Amino acid sequence: MAAQPRILIVEDDAHIRRLLRVAVERAGYAATEAATAREALSAADIDKPELVLLDLGLPDRDGLELIQLFRARTGATVIVVSAREETAEKVAALDLGADDYLTKPFDTEELLARVRTALRHRVAGETGQTTATTGDVEIDLERRRVRRAGEEVHLSPKEYDVLAELAKRPDRVIGHRQLLRTVWGPAHEDHVDYLRIVVRNLRQKLETDPARPRMITNEPGVGYRLTGVR
Ligand code: CA
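About the thresholds
- Residues numbered from 1 in each chain as written.
- Predicted model: local features only at pLDDT ≥ 70, side-chain atom pairs only at ≥ 80, totals over all residues.
- Heavy atoms only, no water.
- Helix = DSSP H or I, 4+ residues; strand = E, 2+ residues; numbered from the N terminus.
- Buried < 20%, exposed > 50% of the residue type's maximum accessible area, 1.4 Å probe, protein only.
- Donors = N, O, S within 2.8 Å, 3.2 Å for Na, K, Ca; no water.
- Salt bridge = Lys/Arg side-chain N within 4 Å of Asp/Glu carboxyl O.

Novice: Just checking my understanding: could you explain unusual backbone geometry for this structure?
Specialist: In this structure, the amide linkage connecting Lys104 to the following residue, Pro105, adopts the cis form with an omega of -5 degrees. One can find Pro105 in the loop between β5 (100-104) and α5 (108-127). Even without glycine at this site, Lys48 takes up a positive phi of about 45 degrees. Relative to the elements of secondary structure, Lys48 occurs in the loop between α2 (37-47) and β3 (51-55). Lys48 gets classed as partly exposed once you look at its relative accessible area, which sits at 43%. Residue Arg144 is not a glycine yet carries a positive backbone phi of 55 degrees. Residue position: Arg144 is located in the loop between β7 (137-140) and β8 (145-148). Exposure remark for Arg144: the relative accessible area of 47% places this residue in the partly exposed category.

In structure tokens:
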């Protein structure tokens, strides 16, 4: 039998910590808890978790500082669990290498979906998948081609590049600044308007109902997500 993936829960609120633990254990993962940054770092060294659920508001240290430490010391995937009003923190967390975030109060099903996606991505990242399919759209990252219902879709280079960045990290939120930096270059990382236009065009070309996008979804103030990738 394969070992259960190990999840480290870093959260100073005992009630939320328990909710998280019950949810992940019921889904078959092994959970460890830490209530402070200090406990979290020593638990990470001992348990070598595959995934960390990280609250940013910790009593002894800013959770943002922990993201890079976890990634450097354990290679763990980090999902930030953060309050709704902390948009700037979510953006910073993604910039620092967090894999995704979840907003409190969270829904258990949504939490587990994020965990599954993040863990699956760890494996996919190692096998180097070159196509992504969502709905009737197929993105071929090797040939830089996109088909919808078998028909080739003509995309501008920027449209393709944005879609490819989303497809490389399917079902995870990619920050506005990261997309702008990668596709337009570091000088343009504040030009969210460029990105909005390109995303609008992509939705026109790829979505069944562009006014109610289900494929390229919006994370308000943070970024976009390519959903439903199989
Ligand atoms: Ca907290």
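Now that the structure is up, let's keep going.
Novice: Could you clarify how one ought to interpret the coordination of the calcium ion in this entry?
Specialist: Octahedral metal centres with six donors ideally show angles of 90 or 180 degrees, and tetrahedral centres with four donors ideally show 109.5 degrees. Coordination of the calcium ion by the protein involves Asp12 (OD), Asp55 (OD) and Gly57 (O), with metal-donor separations of 2.2 to 2.4 Å. Donor residues binding the calcium ion come from one chain and are separated in sequence as D-x42-D-x1-G. Of the two residues, Asp12 is situated in the loop between β1 (6-10) and α1 (14-26) and Asp55 in strand β3; the sequence distance between them amounts to 43 residues. When its relative accessible area of 35% is taken as the criterion, Asp12 is described as partly exposed.

Novice: Help me understand the pattern of salt bridges in this model?
Specialist: Where charged atoms from two side chains of opposite charge come close, those side chains can pair. Tallying each qualifying case throughout the model produces 26 salt bridges. Put simply, Lys168 and Glu165 hold a salt bridge, and the shortest N to O gap is 3.0 Å. With Lys168 and Glu165 both in helix α6 (residues 157-168) and three residues apart, the pair spans about one turn of that helix. Relative accessible area serves as the criterion here: at 46%, Lys168 is assigned to the partly exposed category. Ionic pairing is found between Arg177 and Asp190, a salt bridge with its closest N-O pair at 2.7 Å. Of the two residues, Arg177 sits in helix α7 (residues 176-183) while Asp190 sits in the loop between α7 and α8 (192-206), which places them 13 residues apart along the sequence. Taking relative accessible area as the criterion, Arg177 reaches 29% and is therefore assigned partly exposed.

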